Each structure stands twice: as structure tokens, then as C-alpha cells.
Amino acid sequence: MDRLQAMRVFARVADEGGFAAAARALDMSPPVVTRVVAELEQHLNTRLLHRTTRKVAVTEAGDAYLQRVRSILSDIDDAEAAATASTRDLQGTVHVLAPAALATYFLAPLIPRWRERHPRLVLDLTTDHVATGRVDEFDVTFLVVPDDFDGNVVARKLFQGEAIVVASPGYLLRRGAPQQPQDLEAHDFLRDTGNGRRGVRKLCLKPLSGEGESHEVSLPVVLQSTSTDVLLRAVLDGTGVAVIPRLLAQRHLSAGALVHVLPEWILSRYTIYAALPTQRMLPARTRAFLDFVSEQTPEALAAQEI
């Protein structure tokens, strides 16, 4: 058994969620893929995959093994890239983790330019609300954290932002524009339940200037979702007020489709970091992606204001 090939096949089966899909991706026959994984399980004397008629799922032992396999395969790819860096373009895969909204509104618009610069690199982008605890699983992990975040991570700071209360002009015309934080208690609230905020029903608004007391208000919830896209669509349609990162709201604010409610107040400030695994060499392809995102960030932020 070729153990390295077996690792690659197993990882692809886990990624594709099935033997047939993995076989197509690897240009192998499904029986061969099935046999290779079976031989690997026999060699390890443990079951790596749960097999059903509908799908394949990684077992607990398989998940632990998969994380080590990804690291090994990544190191091998890095070694090959380093050995041939002077004779060909960067190649391989950059595994990236980011919150869904950041992936959609910040990273996705950068991909065409990234592809022009590095046509032989594959970008594997995974989304997850809770990314902090998964930094070592990916080449680059984008974290959206409070300003007082003090995590034990190796990270590059990209930019800072604010979470603000917004509503559509039509909604405010019907319901009236709040003049002070307490006025929000009479308005319909579209609540973000992502990132562990399911039980949060109150908003603590802070002066934009950073001076003065904060005000806590409790709003009646009419819609709640873990999806920022759902909340953004609903607030644009006039369903109620919502807390949206200024990065996502800015284009709509500039176009007049949204209004910053109580413009002298914000909910919070946050910082975006690109975090790196703590115990892994930085591959050339990862450095290229990190440098690219850092370079493009000012232009990407400016584009949101158009």
C-alpha cells in the first residue's frame, strides 16, 4: 500500500463526502478508491469512515487522523513548492476559514484579482461563525473580534470596524426615527443569533465619540437568524431595525437604501485579523495570499463606499 497515496485518497473522500465524488476528482475508479480506503483502515486497525447508502461521514478517530493527514500533505506540498519555486509559479491549495458575511462581502470580490495573480493556486474557502478555536486547522483564519480581544494567536491586523444600528428610510417613515437610545424599545428588532449570541435580547449602545455613558435597551424581536444576509435583506425590505457591521452596510448607506439610526451611537467596535497556525511553517502560497489580502484591503474598504 502506498501510504501517501492512501492519505490523499482518504482526505479527498472526506472532503467530497463520498467515494464516487472522490473518484471523479482524483480521476480514479470508485472501486479503487473504496479499496484504498479499506486497506488504510485495515493498516490502522480502525474505522475512519461511517458508510451509509446516502453519504459517507468521518468517524471520531477518522477526524483526528484527518487533521494530521492534512498537515502532513500540506508539509509535503510546501516542500515541493519550495524546491521548485524558482522554476514555476506557486501552486497547491490555500485553506481559508472566515465568517460567512466576511467571506461574501470582503473576500469574494477579491477572488478574480487573486486568480489573475496566482492562476495555479486553488483557494479553498470554508465559512464558520465560530472560527477562533479552529485556527490550527487552516492556513489562514479570519477572525472578527472585539477590540479588547487578547487571544493567543499569531495574526496580522487588517482593519477595524463598527457595528451600527440601521433601518430602511421607508421603515423610519412609517415608525418614526429614534432620537435617543431608549426610543429603540418601540421598534421591531431583527436579531443576529450567530456567534453564540442566541440569548442576547438587549443592545448596549456606546457613544461614537468614545466619551459618555453607554445605554442598554431591550427591543421586541420580530426576526432572528444566524445569517447576516437574511438580516440585511430584511432590514433593506423595511422589516425593522438591525445591527449590521458598517463594512456591510456602507454601500447601502451611501446609496440611501439604509439609514444609520442614532448616528452618534454604535453597538461596538471590532477588529479583523488574519490568523495563522501557531506550529507550522508559513508556506510561500500562504504568505502570498496573506500579502495579497493586506495589499487589497484599503481598496476593498473604499469600494464599499461607492
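Refer to the structure above for everything that follows.
Description of the structure in this document. All of these numbers come straight from a predicted model, not from anything done at the bench.

Examining the pairing of strand E8 (residues 202-207)
Of the two faces of E8, only one is covered, namely that formed by Leu203, Leu205 and Pro207; the face formed by Lys202, Cys204 and Lys206 stays uncovered. Note: E8 against strand E9 (residues 215-218), 4 bridges, orientation antiparallel. By the bridge assignment for E9, Cys204 is matched with Glu216.

Some points on helix H2 (residues 19-26)
Residues of H2 that are buried: Phe19, Ala21, Ala22 and Ala23. Looking at the packing, one finds that the buried side of H2 touches helix H1 (3-16), helix H3 (30-44), strand E1 (49-51) and strand E2 (56-58). Following H2 by one or two positions, Asp27 has its phi on the positive side, about 60°.

Some remarks on the sheet that holds E8
Across the sheet, 3 strands lie side by side as E9-E8-E13; this open sheet has antiparallel pairing. Each edge of the open sheet is held by one strand with a lone partner, namely E9 and strand E13 (265-266).

Digging into the pattern of salt bridges
Scanning all chains against the criterion turns up 11 salt bridges. Taking the shortest distance from any N to any O, the salt bridge between Arg175 and Asp188 comes out at 2.9 Å. Here Asp188 lies in the loop between helix H7 (169-175) and strand E7 (189-192) and Arg175 lies in helix H7, a separation of 13 residues in the sequence. Across the pair Arg233 and Asp237 runs a salt bridge, and its minimum N-O distance is 2.9 Å. Assessed through its relative accessible area of 53%, Asp237 is described here as exposed. Sharing partners across several salt bridges, the network here consists of Glu162, Arg246 and Arg269.

A word on empty space enclosed by the protein
Under the counting rule described, the total for this entry stands at 1 cavity of 30 Å³ or more. If you add up the space inside the largest cavity, you get close to 40 Å³. If you go around the largest cavity, the residues you meet are Leu107, Leu110, Ile111, Trp114, Leu123, Phe289, Phe292 and Val293. If you list the elements that add at least two residues to the lining of the largest cavity, you get helix H6 (111-117) and helix H10 (284-303). In terms of residue count, H10 provides more of the lining of the largest cavity than any other element does, 3 residues in total. Classifying every residue of the lining of the largest cavity gives 8 nonpolar, no polar and no charged.

Observations regarding the environment of Met28
One can find Met28 in the loop between H2 and H3. For the pair Met28 and Val9, spaced 19 residues apart in sequence, the C-alpha separation works out to 9.7 Å. Sequence-distant contacts of Met28, that is, excluding residues within four places in its chain, are made with Gln5, Val9, Ala23 and Val33.

Considering the nonpolar core
Core analysis: the biggest nonpolar cluster contains 42 residues, and Phe106, Val140, Phe142, Val166, Leu258 and Phe289 have the highest contact counts within it. Element by element, the count of residues in this core is highest for H10, at 6 residues. If we ignore the near neighbours within four places in the chain, the residues touching Phe106 are Ala101, Phe159, Leu247, Val293, Thr297 and Ala300. Core analysis: the second largest hydrophobic core is formed by 20 residues, Ala6, Phe19, Tyr65 and Leu73 among them.

Considerations on the pairing of E7
Here E7 shows two buried faces, one formed by Phe189 and Arg191 and the other by Leu190 and Asp192. When E7 meets strand E10 (residues 221-225), the two strands line up parallel, connected through 4 bridges. Counted as the bridge partner of Asp192 is Ser225 from E10. Two elements, E7 and strand E11 (residues 241-245), share 2 bridges in a ladder whose sense is parallel. When the bridges of E11 are listed, Phe189 appears paired with Val241.

Criteria and cut-off values
Residues numbered from 1 in each chain as written. Predicted model: local features only at pLDDT ≥ 70, side-chain atom pairs only at ≥ 80, totals over all residues. Heavy atoms only, no water. Buried < 20%, exposed > 50% of the residue type's maximum accessible area, 1.4 Å probe, protein only. Helix = DSSP H or I, 4+ residues; strand = E, 2+ residues; numbered from the N terminus. Pairing = 2+ DSSP bridges. Contact = heavy atoms within 4.5 Å. Salt bridge = Lys/Arg side-chain N within 4 Å of Asp/Glu carboxyl O. 1 Å grid on protein atoms, 1.4 Å probe; cavity = no way out; pocket = protein on both sides within 12 Å on 5 of 7 lines; lining within 4 Å. Points joined across faces, edges and corners; volume = space filled by probe spheres on them. Nonpolar A, V, L, I, M, F, W, Y, C, P; charged D, E, K, R; others polar. Core = buried A, V, L, I, M, F, W, Y, C linked by side-chain atoms within 4.5 Å.

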